[in-house]
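Next come the chains, spelled out residue by residue.
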2 protein chains.
Amino acid sequence: MTEVPIMTLDEIEDLAYRALVAAGTSDANARPVARATAATEADGIVSHGLAYVPIYCEHVRCGKVDGLAQPSLSRPAPSVVAVDAVTGFAHAAIDLGFEALIPTARDQGVAALAVRNSYNCGVLGYHTWRLAVEGLLAIGFTNAPASIAPVGGRRAVVGTNPFSLAAPDGAGGAAVLIDQSASVIAKSEIMKHAREGLLIPPEWALDPDGHPTTDPEIALKGSMAPSGGYKGVGVALMVEIMAAAMTGATLSVNASPFSGTMGGPPKTGQFFLAVDPGVTSGGLFAERLAVLVEEMREQKGVRVPGDGRRAARRRAERKGVAVDPATLEKVNGWL
Amino acid sequence: MTEVPIMTLDEIEDLAYRALVAAGTSDANARPVARATAATEADGIVSHGLAYVPIYCEHVRCGKVDGLAQPSLSRPAPSVVAVDAVTGFAHAAIDLGFEALIPTARDQGVAALAVRNSYNCGVLGYHTWRLAVEGLLAIGFTNAPASIAPVGGRRAVVGTNPFSLAAPDGAGGAAVLIDQSASVIAKSEIMKHAREGLLIPPEWALDPDGHPTTDPEIALKGSMAPSGGYKGVGVALMVEIMAAAMTGATLSVNASPFSGTMGGPPKTGQFFLAVDPGVTSGGLFAERLAVLVEEMREQKGVRVPGDGRRAARRRAERKGVAVDPATLEKVNGWL
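Caption draft 1: Seen up close, the domain arrangement of chain A. Residue and element names in this part refer to chain A. Under the domain assignment used here, chain A contains domain 1 (1-62 + 306-335) and domain 2 (69-183 + 226-297). Taking only C-alpha atoms, the centre of domain 1 and the centre of domain 2 are 22 Å apart. With 23 residues of domain 1 in contact, the opposing surface of domain 2 contributes 21 residues. Interface area for domain 1 against domain 2, summed over the two sides, is near 1900 Å², with a carbon-plus-sulfur share of 54%. It is Asn 29, His 59 and Arg 309 that lose the most area in domain 1 upon contact with domain 2, and together they represent 27% of the buried surface on that side. Put simply, Arg 35 and Asp 95 hold a salt bridge, and the shortest N to O gap is 3.7 Å. Sorting the residues of the side of domain 1 that touches domain 2 by element identifies helix H2 (27-42), helix H3 (53-62) and helix H11 (307-319) as the ones contributing at least two each. When residues in the side of domain 1 that touches domain 2 are grouped by element, the largest group, eight residues, is from H2. The residue makeup of the side of domain 1 that touches domain 2, split by class, is 11 nonpolar, six polar and six charged.

Caption draft 2: Region of interest: the nonpolar core. One finds Leu137(A), Phe141(A), Ile241(A), Leu137(B), Phe141(B) and Ile241(B) to be the most contacted residues of the largest nonpolar core, which totals 98 residues. The residues touching Leu137(A), leaving out its near neighbours within four places in the chain, are Leu165(A), Ala166(A), Ala167(A), Pro168(A), Leu273(A), Ala274(A), Val275(A), Pro277(A), Phe285(A), Ile241(B), Met242(B) and Met246(B).

Caption draft 3: Quick look at the pairing of strand S5 (residues 137-142) of chain B. Residues and elements named next belong to chain B. Summarising burial for S5: six of the six residues are buried, a large majority. Residues Leu 137, Ile 139 and Phe 141 point to one face of S5 and Ala 138, Gly 140 and Thr 142 to the other, with burial holding for every one of them. Judged from the six bridges that link them, S5 and strand S10 (residues 268-275) form a sheet pairing that is antiparallel. The partner of Leu 137 across the bridge, within S10, is Val 275. Where S5 and strand S6 (residues 163-168) come together, four bridges link them in antiparallel fashion. Its bridge partner being in S6, Phe 141 is matched across the sheet by Phe 163.

Caption draft 4: Structural detail: the relation of the copies chain A and chain B. The transformation that overlays chain A on chain B combines an axial shift of 0.0 Å with a rotation of 180°, and the residual RMSD is 0.0 Å. Those values place the two copies in the arrangement expected of a two-fold rotation axis. Relative to the rotation axis, the closest C-alpha in chain A is found at Gly228(A), a distance of 1.8 Å. Both copies present the same face, since 100% of the interface residues in chain A are matched by interface residues at the equivalent positions in chain B.

Caption draft 5: Molecular detail of the interface of chain A and chain B. Across the boundary between the two partners, chain A contributes 76 residues, which contact 76 residues of chain B. Broken down residue by residue, the surface that chain A buries against chain B is led by Lys231(A), Met246(A) and Thr280(A), which jointly contribute 11%. For the interface between chain A and chain B, the tally reads four salt bridges. Between Glu295(B) and Arg155(A) there is a salt bridge, with the nearest N and O atoms lying 3.1 Å from each other. On the surface where chain A and chain B come into contact, there are 29 residue pairs in polar contact (both at pLDDT 80 or more).

Caption draft 6: Seen up close, the sheet that holds S5(B). Overall, mixed pairing links the seven strands, which are arranged S2-S3-S4-S10-S5-S6-S7 (chain B) in an open sheet. Two strands bound the open sheet, and with one partner strand each, they are strand S2 (72-77) and strand S7 (174-180) of chain B. Within the sheet, the average angular offset between the axes of one strand and its neighbour, ignoring direction, is 15°. The pairing of S6(B) with S7(B) spans six bridges and is classified as antiparallel. Its bridge partner lying in S7(B), Ala166(B) is registered against Leu177(B). Its contacts with the sheet place helix H8 (residues 229-245) of chain A against S5, S6 and S7 of chain B, and it is angled at close to 135° to S7(B). Strands S5, S6, S7 and S10 of chain B of the sheet are contacted by helix H5 (residues 124-133) of chain B, whose axis makes an angle of about 25° with S6(B).

Caption draft 7: Spotlight on unusual backbone geometry. Residue and element names in this part refer to chain B. Of note, the phi angle at Val 86 is positive, near 40°, even though the residue is not glycine. As for its placement among the helices and strands, Val 86 is situated in the loop between strand S3 (80-84) and helix H4 (90-108). Positive phi outside glycine occurs at Asn 117, with the angle close to 50°. Mapped onto the elements of the fold, Asn 117 is located in strand S4 (residues 110-118).

Caption draft 8: The arrangement of the environment of Ala30(A) in detail. Residues and elements named next belong to chain A. For Ala 30, the location among the structural elements is in helix H2. The sequence separation of Ala 30 and Ala 105 amounts to 75 residues, and the corresponding C-alpha distance is 27 Å. With sequence-adjacent residues up to four places away left out, Ala 30 is seen in contact with Tyr 17, Leu 20, Val 21 and Thr 25.

Caption draft 9: Seen up close, the packing of H8(A) against helix H10 (residues 285-297) of chain B. Look at H8(A) against H10(B): their axes get within 10 Å of each other, and the N-to-C directions meet at 145°. As H8(A) runs across H10(B), the sense of the crossing is right-handed. Within the contact between the two elements, H8(A) uses Leu237(A), Glu240(A), Ile241(A), Ala244(A) and Ala245(A) and H10(B) uses Phe285(B), Arg288(B), Leu289(B), Leu292(B) and Met296(B). Residues belonging to the contact of H8(A) with H10(B) are distributed by class as follows: eight nonpolar, no polar and two charged.

Caption draft 10: Summary view of helix H12 (residues 325-332) of chain A. Residues and elements named next belong to chain A. For H12, the complete set of buried residues consists of Thr 327, Leu 328 and Val 331. Buried residues along H12 cover an arc of 100° about the axis, so they all sit on one side. The outward face of H12, more than 90 degrees from its buried face, is lined by the exposed residues Glu 329 and Lys 330. Buried-residue contacts for H12 involve strand S1 (6-7), helix H1 (9-22) and H3.

Calculation notes
Residues numbered from 1 in each chain as written. Chains lettered and ligands numbered in written order. Predicted model: local features only at pLDDT ≥ 70, side-chain atom pairs only at ≥ 80, totals over all residues. Heavy atoms only, no water. Domains from an automatic or database assignment. Contact = heavy atoms within 4.5 Å. Buried area = accessible area lost by both parts, 1.4 Å probe. Salt bridge = Lys/Arg side-chain N within 4 Å of Asp/Glu carboxyl O. Helix = DSSP H or I, 4+ residues; strand = E, 2+ residues; numbered from the N terminus. Nonpolar A, V, L, I, M, F, W, Y, C, P; charged D, E, K, R; others polar. Core = buried A, V, L, I, M, F, W, Y, C linked by side-chain atoms within 4.5 Å. Buried < 20%, exposed > 50% of the residue type's maximum accessible area, 1.4 Å probe, protein only. Pairing = 2+ DSSP bridges. Least-squares fit on C-alpha atoms with pLDDT ≥ 70 in both. Polar contact = N/O pair within 3.5 Å; in protein donor to acceptor, adjacent residues only side chain to side chain. Axes fitted to C-alpha atoms, helices over the stretch in contact; angles between N-to-C directions. Left-handed = near helix turned anticlockwise from the far one by under 90°. Arc of directions from axis to C-beta.

Written as structure tokens, this is what we have:
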């Protein structure tokens, strides 16, 4: 019989915080990452919860992320907030930006936050969700090291570049939370197949010549297939333009890897738009969104984006989260 | 030997204008539609150029669009422009909104335009492109009558709902113009296969039970397949939330058809975001975008979104556009 440790969300946050600080992260940088780690475990996204903390710690140690960075904020225009993360954690830079973004969006109706010289922001939908909690409609974009080739090409130009939209439910949550990357499958799935000596479906990835492959080792030398062909590349390009070109961050083609310890800081970017839905819709937003959600929920077998995370969060708040003992051991190794 | 009539862009605009006015459209509403018609022919998008004018005329005649509508503008917040199209043409409503949106985006750094009680806006990328011509980064969303079911469902909830992003080249044009719908294929292609008695590929559409079909007649009773499965539905949902819920327009599920004469005005919506790229990027936008475009263009066989339209436009400005005689006859029928 195996015993699986169950942790409360506060315990998860505290553990993540202590590991990050032990690795050399300042209090101001460790707290937002620890808070996001607990929220991500609550949402049931195991890959980016505690399992990611040892990677963060290692990246602080090797200098891929500056644990002591002090992000700096500027207001280049009345409705725009810009934050230079100065190669520190994205979370602290985004938090600093949100403090200005939220009241600005309420005053102006719409506001933008551009974050540059940043790092992997973890689960993008965690950040947009927090804007929805504040009653704002949020769209977020973040780029990642290049792994997807444009259709017809062989060389990767864009990353798995996710976008996220969070639509507020008017009651401190998100009625809809879209959070999706541009590839058919996460790269980690291909790495897992390679480790286990399994073939991959031909629609997952391309070899270095741009042809479909079922060999995960060859796939890792080639590129990830975009979800939805050229239209998937179109979405990834939108994200790239918003997260990198519109922020002055580093393009995916020039960004150092998010994994491993080589290459220095990736200096990627995040871009957020926050809109007051009552203002743009003349007060009709809540009713329209409720009907849209109901049209989906009425259909058996249909999933409303965000439902899974919300259900997991409610469960986690009541019962805590079961944590993989191997993960726990790795995190504890940093204390 | 067949002679194909060649028309200049001015001649196309003039012809479209006269047909629209003859059908009962006011000067103020006919001019923006005629201008878009010429631009769309210039861009090589035959389906939405002169071929669409007889449909516009018929819709003015039957009341699906009010040819005499006077769109009204309001400023519900400093960075937000809202326009009620009062069931008139989207083009006039968008033009009225852009007059306020463009200076607001320059002053505030970012601005939003919400258009409600609107109609089919033609090619969405025509509108975002015009914002790029003004040096602004533009994102646009528009919804359409429901034709795509959420994955796992059987009933359509969202339309082919396109989004568009236009990135300015700083020289009066767009360096990148993304303009894509959410379905694998345009519905008109399925209708064409039905007329010609041809089967369709199984990935194009679903039958009324939500299963793939190769019979175009059955497909037309079912739903359109989303490009990229659930991620394609996610993109269409983002568009639906922005174009309908965020504007107070009619949801796709409640919108009357864009085709035919039944059902009255569709009252759909458009949402545009305009951002000053120099402001958000600290002046780095142009360089970043140039490198991104070059990374794609260097690869043989890769198409940069917008290249096709730009090349067609340059050709059309020099040599005019070859117009299908049958289309010309139909448009002339309205004079």
